[in-house]
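Summary of the model geometry
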Amino acid sequence: NVVNETLFDEDDIVHITDKSFIPFFFHQMPIFLSTRGHVGKLREYYGLDLFDDLIDHSYDLIEDHKLRFYAIFNEIKRLNGMKDTIVEFYKNNKERFEKNKNI
């Protein structure tokens, strides 16, 4: 689930809205099109599992908005090429998805 958050190109603002929680409710793996630090705050504030063993969220640390956008795009392309791996990951980690939903 690619989450298009309210803010993307603002500096030093993390604006978490209800859009960020939708993928967790529906047992999905999120990628956030958002301001720098968004993913980190979701981990810190809510303790959510962001499936770092599958998804590379290092884009969250990139300050330059254009470079962050390209990093997100490249991560989506990488994951798109791993469909079988993602299906297996989902089957083997149902308890993690359920835990996120409960949070």
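Here's what I pulled together on the structure shown here. Throughout, a residue's number is its position along its own chain's written sequence, starting from 1. Under the rules for a predicted model, residues below a pLDDT of 70 receive no local features and side-chain atom pairs below 80 are neither given nor counted, while totals for whole chains, interfaces and linings still include all residues. No hydrogens and no water enter the side-chain calculation; it runs on all heavy atoms of the structure.

Our next topic: the overall build of the chain. Strands here mean DSSP runs of E at least two residues long; helices mean DSSP runs of H or I at least four residues long; both are numbered from the N terminus. Counting its secondary structure elements, the chain contains 5 helices and 2 strands. Along the chain, from the amino end to the carboxyl end, the secondary structure elements read β-α-β-α-α-α-α. Radius of gyration means the value over C-alpha atoms here, while the globule rule gives 2.2 Å times the residue count to the 0.38 power. In terms of C-alpha radius of gyration, the chain reaches 13 Å, essentially the compact-globule figure of 13 Å for 103 residues. Considering only residue pairs separated by 6 or more positions, the chain has 60% of its internal contacts joining residues 24 or more positions apart. When the accessible area of the chain is evaluated, it comes to approximately 6,300 Å², of which 53% is carbon and sulfur surface. The contact definition used throughout considers only heavy atoms, calling two residues in contact when any of these lie within 4.5 Å. The Shrake-Rupley method, run with a 1.4 Å probe, gives the accessible areas here. Residue values count only the displayed protein chains as cover.

The next subject is the nonpolar core. By nonpolar core is meant a set of buried Ala, Val, Leu, Ile, Met, Phe, Trp, Tyr and Cys residues that side-chain atoms within 4.5 Å join together. The buried label goes to any residue with under 20% of its type's maximum accessible area, the exposed label to any with over 50%, and the partly exposed label to all in between, with areas taken from a 1.4 Å probe on protein chains only. Met29, Phe32, Leu54 and Ile55 are the most contacted members of the largest nonpolar core, which totals 20 residues. Secondary structure elements with two or more residues in this core: strand S2 (31–33), helix H2 (38–46) and helix H3 (65–80). Looking at this core, the element that brings in the most residues is S2, giving 3 residues. With sequence-adjacent residues up to four places away left out, Ile55 is seen in contact with Met29, Pro30, Ile31, Leu50, Glu75, Arg78 and Leu79.

What follows covers the side chain of Arg96. Within the fold, Arg96 resides in helix H5 (residues 94–102). Classification of Arg96 by relative accessible area gives buried; the value is 17%. In the analysis that follows, any N or O atom pair within 3.5 Å is treated as a polar contact, provided that within protein one partner can donate a hydrogen and the other can accept it, and provided that, for residues neighboring in sequence, both atoms belong to side chains. A polar side-chain atom of Arg96 sits 2.9 Å from a polar atom in the side chain of Asp53. When sequence neighbours within four positions are dropped, the list of residues in contact with Arg96 reads Asp49, Phe51, Asp53 and Phe89.

A few words on the pattern of salt bridges. A side chain with one charge can pair with a side chain of the opposite charge if their charged atoms come near. Salt bridges are defined as contacts in which a side-chain nitrogen from Lys or Arg sits within 4 Å of a carboxyl oxygen from Asp or Glu. Per the counting criterion, the structure on display carries 7 salt bridges. Put simply, Glu44 and Lys41 hold a salt bridge, and the shortest N to O gap is 3.5 Å. Residue Glu44 and its partner Lys41 are located together in helix H2, separated by 3 residues, close to a single helical turn. The exposed category is assigned to Glu44, whose relative accessible area is 55%. A single network of salt bridges, built from pairs that share partners, joins Asp49, Asp53 and Arg96.

Note on geometry: axes are lines fitted to C-alpha atoms, helical ones only across the stretch in contact, with angles between N-to-C directions running from 0 to 180 degrees. As a packed pair, helix H4 (residues 83–92) and H5 sit with axes 5 Å apart at the nearest point and diverge in direction by 70°. The orientation of H4 relative to H5 falls into the category roughly perpendicular. The segment H4 lies against H5, with Phe89, Tyr90, Lys91 and Asn92 engaging Lys94, Glu95, Arg96 and Phe97. Any angle between 65 and 115 degrees counts as roughly perpendicular, while under 35 counts as roughly parallel, over 145 as roughly antiparallel, and the rest as oblique.

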